[in-house]
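Overview (structure and organization)
As a plain string of letters, each chain reads:
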Amino acid sequence: MTTAAIIDGKAFAADLRARVAVGAAAFERQAGRKAGLAVVLVGEDPASQVYVRNKGKQTVEAGMASFEHKLPADTTQADLIALVERLNADPLVDGILVQLPLPGHLDEQAVVERISPDKDVDGLTPTSTGRLALGLPGLVPCTPLGCLMLLKDRLGSLSGLDAVVIGRSILVGKPMAQLLLAESCTVTIAHSRTQNLPEVVRRADIVVAAVGRPEMVKADWLKPGATVIDVGINRVPAAEEGKTRLVGDVDFAGASAVAGAITPVPGGVGPMTIAVLLRNTLVAAHRNAGVALEDDAL
Ligand code: GUN
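I will try to describe carefully the structure that is included in this document. (Residues numbered from 1 in each chain as written. Predicted model: local features only at pLDDT ≥ 70, side-chain atom pairs only at ≥ 80, totals over all residues. Heavy atoms only, no water.)

Moving on, we come to the environment of valine 60. Along the chain, valine 60 falls in helix H2 (residues 46-61). Given a relative accessible area of 54%, valine 60 falls into the exposed group. Once the C-alpha coordinates of valine 60 and leucine 37 are considered, the two residues, 23 residues apart in sequence, prove to be 9.6 Å apart. (Helix = DSSP H or I, 4+ residues; strand = E, 2+ residues; numbered from the N terminus. Buried < 20%, exposed > 50% of the residue type's maximum accessible area, 1.4 Å probe, protein only.)

This is the structure we're talking about:
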C-alpha cells in the first residue's frame, strides 16, 4: 500500500500571494497607482459574503486596492449592468468580479458579457473563454488555473498524460479541460451522464474532481500513482451531533492509499482560487496600464 504525497495548496497559495505582493509593489512604483480589483456582490448569501470578505482582505494584504460593491437582493438587471459599465470605465479598476450565483431574477450570462474582457479576471466572458479555446493568451478562470499550477509544480511536464476531468461547469470543468489540452494531455471530460465512470477514471494519470458530490471518487477508481486534484468543497454532518465538516469530491482516506499525490480538503485547491484572482488582477493591471510585467514566475 502506498501513501500519497499531500499537495499543499495552502502553502503554494501563500507563496503565490507573496510573489503577487512583490509584483504589486513594483507595479505601483511604475504606474503611480495601485492595481485595483472591484468585487460586486448582489444579495446576502452567507457563503458569498464570506468569499467576498476574504477577497477584499487578501487584495489589500497584497498591496492592491479593493473596491467592494454590495447591492440589495432586489437589484434590477439594468442597475447591475450600469454598475458594471461604470467599473469598465473606471481607470482605477483593473479587474471586475461579479460574485456568482446571482439571485434568480438576474441573467448571469448577460451580466458577465458586459464585463470588459480587459478586466475579466474571472475569465468568464465569451472573449476570454474563446481565447482559451483558441490557445491564445488571455485571462483564465482562477480555480482551474490554480489546479494547473499545482499539477505542474508536482509533475513538471504534463505532455502525453491521460487526464480525466469530472464535471463540465463553466467555472471549473470546461476551462480545466482546455488548460490540460494546451499542456498536451489526452483529456476526457466526464459528467453526470458518463457511463462506467470508475472505468473512465481508472485510465487517468491526472484526475480533477469538480462535481460537488461528497466523497464520490473512490480508491478503487484510481490508477495507482495517479495525481488527484479535488476541487469539491462539501459540508456534511460530522460524527459529533450537530457539527459539520468539509469533505471533497474524493474519498480522501481511501484515495490517499492508492494515489501518487492528492490535494486535501480543506487546504488544497481552495486557497488557490483567491491567490490566482490576485495574480490575474496584477496581470490585467499591467496590460491596462501599458506597464511590462517583469516577473513571469507569476
Ligand atoms: N462563485 C464561486 N466561485 C466563483 C468564482 O470563481 N467566480 C465568481 N465570480 N463567482 C464564484
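After that view of the structure, there is still more to cover.
Let us look at the site of the ligand. Taken together, Leu97, Val98, Gln99, Leu100, Asp122 and Leu171 make up the full set of residues near the ligand. Valine 98 is positioned such that a nitrogen or oxygen atom in its backbone is 2.8 Å from a nitrogen atom of the ligand. Interatomic distance of 3.2 Å between a side-chain N/O atom of glutamine 99 and a nitrogen atom of the ligand. In the complex, 80% of the free accessible area of the ligand, which totals 280 Å², lies under the protein chains. Among the cavities detected, the one that contains the ligand is the largest pocket. Taken together, the residues that form the shell around the ligand break down as four nonpolar, one polar and one charged. (Near = heavy atom within 4 Å. Polar contact = N/O pair within 3.5 Å; in protein donor to acceptor, adjacent residues only side chain to side chain. Areas by Shrake-Rupley, 256 points an atom, 1.4 Å probe, with all protein chains shown as cover. 1 Å grid on protein atoms, 1.4 Å probe; cavity = no way out; pocket = protein on both sides within 12 Å on 5 of 7 lines; lining within 4 Å. Sits in = over half its atoms within 2 Å of the grid points. Nonpolar A, V, L, I, M, F, W, Y, C, P; charged D, E, K, R; others polar.)

Taken in spatial order, the three strands make up an open sheet running S3-S2-S4, and their pairing is parallel. Of all the strands in the sheet, just strand S3 (65-71) and strand S4 (95-98) have a single pairing partner and so form its edges. The sheet shows a mean angle of 15 degrees between the axes of neighbouring strands, direction not considered. On the sheet, helix H3 (residues 77-89) packs against strand S2 (36-42), S3 and S4 and is oriented at approximately 175 degrees with respect to S2. (Pairing = 2+ DSSP bridges. Axes fitted to C-alpha atoms, helices over the stretch in contact; angles between N-to-C directions. Contact = heavy atoms within 4.5 Å.)

On to empty space enclosed by the protein. Scanning the entire structure with this criterion turns up two cavities of 30 Å³ or more. Considered as a void within the structure, the largest cavity measures approximately 40 Å³ in volume. Every residue along the wall of the largest cavity is listed here: Ile96, Leu97, Val98, Leu100, Val112, Ile115, Asp120, Asp122 and Leu124. Looking at the lining of the largest cavity element by element, the count peaks at three residues for S4. (Points joined across faces, edges and corners; volume = space filled by probe spheres on them.)

In the structure shown here, the tally under the stated rule is nine salt bridges. One salt bridge connects aspartate 15 with arginine 19, and the closest N-O pair in it is separated by 3.5 Å. Here aspartate 15 and its partner arginine 19 are both found in helix H1 (residues 9-31), four residues apart, which amounts to about one turn of the helix. Among the ionic pairs, glutamate 183 bridges to lysine 152, the shortest N-O distance being 3.1 Å. Residue glutamate 183 is located in the loop between helix H7 (173-182) and strand S6 (186-190), and its partner lysine 152 is located in helix H6 (residues 142-155); the two are separated by 31 residues in the primary sequence. (Salt bridge = Lys/Arg side-chain N within 4 Å of Asp/Glu carboxyl O.)

Here we come to the nonpolar core. One finds Val20, Met176, Leu180, Val208, Ile229 and Val231 to be the most contacted residues of the largest nonpolar core, which totals 54 residues. For this core, the secondary structure elements donating two or more residues are H1, S2, H6, strand S5 (162-166), H7, strand S7 (206-209) and helix H10 (270-289). It is H10 that provides the largest number of residues to this core, a total of ten residues. Formed by 20 residues, the second largest nonpolar core is a distinct cluster that contains Ala204, Val207, Ala255 and Ile262. (Core = buried A, V, L, I, M, F, W, Y, C linked by side-chain atoms within 4.5 Å.)

Now for unusual backbone geometry. Note the cis peptide between leucine 100 and proline 101, where omega equals 0 degrees. Within the secondary structure layout, proline 101 lies in the loop between S4 and helix H4 (108-112). Here the residue pair valine 265 and proline 266 is connected by a cis peptide bond, since its omega of -5 degrees sits within 30 degrees of zero. Take proline 266: it is sitting in the loop between strand S11 (261-262) and H10. You will see that serine 184, though not glycine, has its phi angle at about 70 degrees, which is positive. As for its placement among the helices and strands, serine 184 is situated in the loop between H7 and S6. Note on serine 184: relative accessible area 41%, which makes it partly exposed.

The next subject is the packing of H2 against H10. One way to put it is that H2 packs onto H10 with a least axis distance of 10 Å and a crossing angle of 50 degrees. Relative to H10, the element H2 is oriented oblique. Remark: the crossing between H2 and H10 carries right-handed chirality. Residue-level inspection shows Tyr51, Asn54, Lys55, Gln58 and Thr59 of H2 in contact with H10, the latter providing Ile274, Leu277 and Leu278. Split into classes, the residues belonging to the contact of H2 with H10 amount to four nonpolar, three polar and one charged. (Parallel < 35°, antiparallel > 145°, perpendicular 65-115°, else oblique. Left-handed = near helix turned anticlockwise from the far one by under 90°.)

These results come straight from atomic positions and should not be treated as a statement about function.
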